[in-house]
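Here are the chains, one letter per residue:
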Amino acid sequence: MSLKQQIVTIGMCIAGTTLTRFLPFLLFRSNAPTPKYVQYLGKILPGAVFSMLVVYCLRHVTPLQYSYGLPELISIAVTVVMHLWKRQMLLSIAAGTICYMLLVQLIF
């Protein structure tokens, strides 16, 4: 990329980030109630995003080849148990990720 293209790219990233940060505050004033569809999306989207993430992470698992999906299944179990135990999403995700990386690097 030329210097001009780099500057334009950085400028577009800055503009996109700024727009996505400030647009909700401009569209939804604090003195007005939150629209019903925004409340609905707030309830539905987290589960949908995590479901897509699970499908994305498991798409190349082949149960008939070595490792048989065991690192993935063990890591999912660790993530679920940690979440049920501590109810901390970031801790659960970190524990599952660390478990998976250790299993893949050291055991499988």
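Scope of this entry: the structure provided in the associated data block.

Thresholds, definitions, all that
- Residues numbered from 1 in each chain as written.
- Predicted model: local features only at pLDDT ≥ 70, side-chain atom pairs only at ≥ 80, totals over all residues.
- Heavy atoms only, no water.
- Helix = DSSP H or I, 4+ residues; strand = E, 2+ residues; numbered from the N terminus.
- Rg over C-alpha atoms; globule rule 2.2 N^0.38 Å.
- Buried < 20%, exposed > 50% of the residue type's maximum accessible area, 1.4 Å probe, protein only.
- Contact = heavy atoms within 4.5 Å.
- Areas by Shrake-Rupley, 256 points an atom, 1.4 Å probe, with all protein chains shown as cover.
- Expected span 1.5 Å × (residues − 1).
- Arc of directions from axis to C-beta.
- Phe/Tyr/Trp six-rings, centres within 6.5 Å; stacked < 30°, edge-to-face > 60°.
- Bend = angle between axes of the 7 residues up to and from the residue.

This part is about the overall build of the chain. Per the secondary structure count, the chain includes 4 helices and 0 strands. Counting from the amino terminus, helix and strand elements in the chain follow one another as α-α-α-α. Its C-alpha atoms give the chain a radius of gyration of 21 Å, more than 25% over the compact-globule value 13 Å for 108 residues. In terms of overall dimensions, the chain has C-alpha extents of about 50 × 45 × 25 Å along its principal axes. Buried residues in the chain amount to 10% of all 108 residues. Sequence separation of 24 or more characterises 42% of the internal contacts of the chain that already satisfy a separation of 6 or more. When the accessible area of the chain is evaluated, it comes to approximately 9300 Å², of which 73% is carbon and sulfur surface.

Helix length check: helix α3 (residues 70-86), at 17 residues, gives a terminal C-alpha distance of 24 Å against a target of 24 Å (1.5 Å per residue), a fit within 8%. Of all the positions in α3, only Pro71, Glu72, Ser75 and Met82 are classed as buried. Looking down the long axis of α3, one finds its buried residues gathered within 95° of arc, a one-sided arrangement. Exposed residues lying more than 90 degrees from the buried face of α3 are Leu73, Val81, Leu84 and Trp85. Check the buried side of α3 and you find it contacts α2 (36-58) and α4 (89-107). Once α3 ends, the next one or two residues include Arg87, with phi positive near 60°.

Let's shift gears to the packing of aromatic side chains. One pass over the structure, following the stated rule, counts 2 aromatic pairs. With centroids separated by 6.2 Å and ring planes inclined at 70°, the aromatic side chains of Tyr66 and Tyr68 adopt a geometry described as edge-to-face. According to the relative accessible area criterion, Tyr66 is exposed, its value standing at 58%. Of the residues examined, Tyr68 reaches a relative accessible area of 45% and is grouped as partly exposed. Ring geometry for Tyr66 versus Phe108: centroids 6.3 Å apart, planes at 50°, classification tilted. A residue pair is termed long-range when its members are at least 10 positions apart, and Tyr66 in the loop between α2 and α3 and Phe108 in the segment after α4 qualify at 42 residues. For Phe108, a relative accessible area of 30% puts it in the partly exposed group. An aromatic cluster of at least three residues, connected via ring pairs, comprises Tyr66, Tyr68 and Phe108.

We now examine α2. Counted at 1.5 Å a residue, the expected span for α2 with its 23 residues is 33 Å, and the 34 Å between its end C-alpha atoms agrees. The sharpest bend along α2 measures roughly 35° and falls at Ile44, with the proline Pro46 sitting one to four residues further on.

These values are about where atoms sit, not about what they do.
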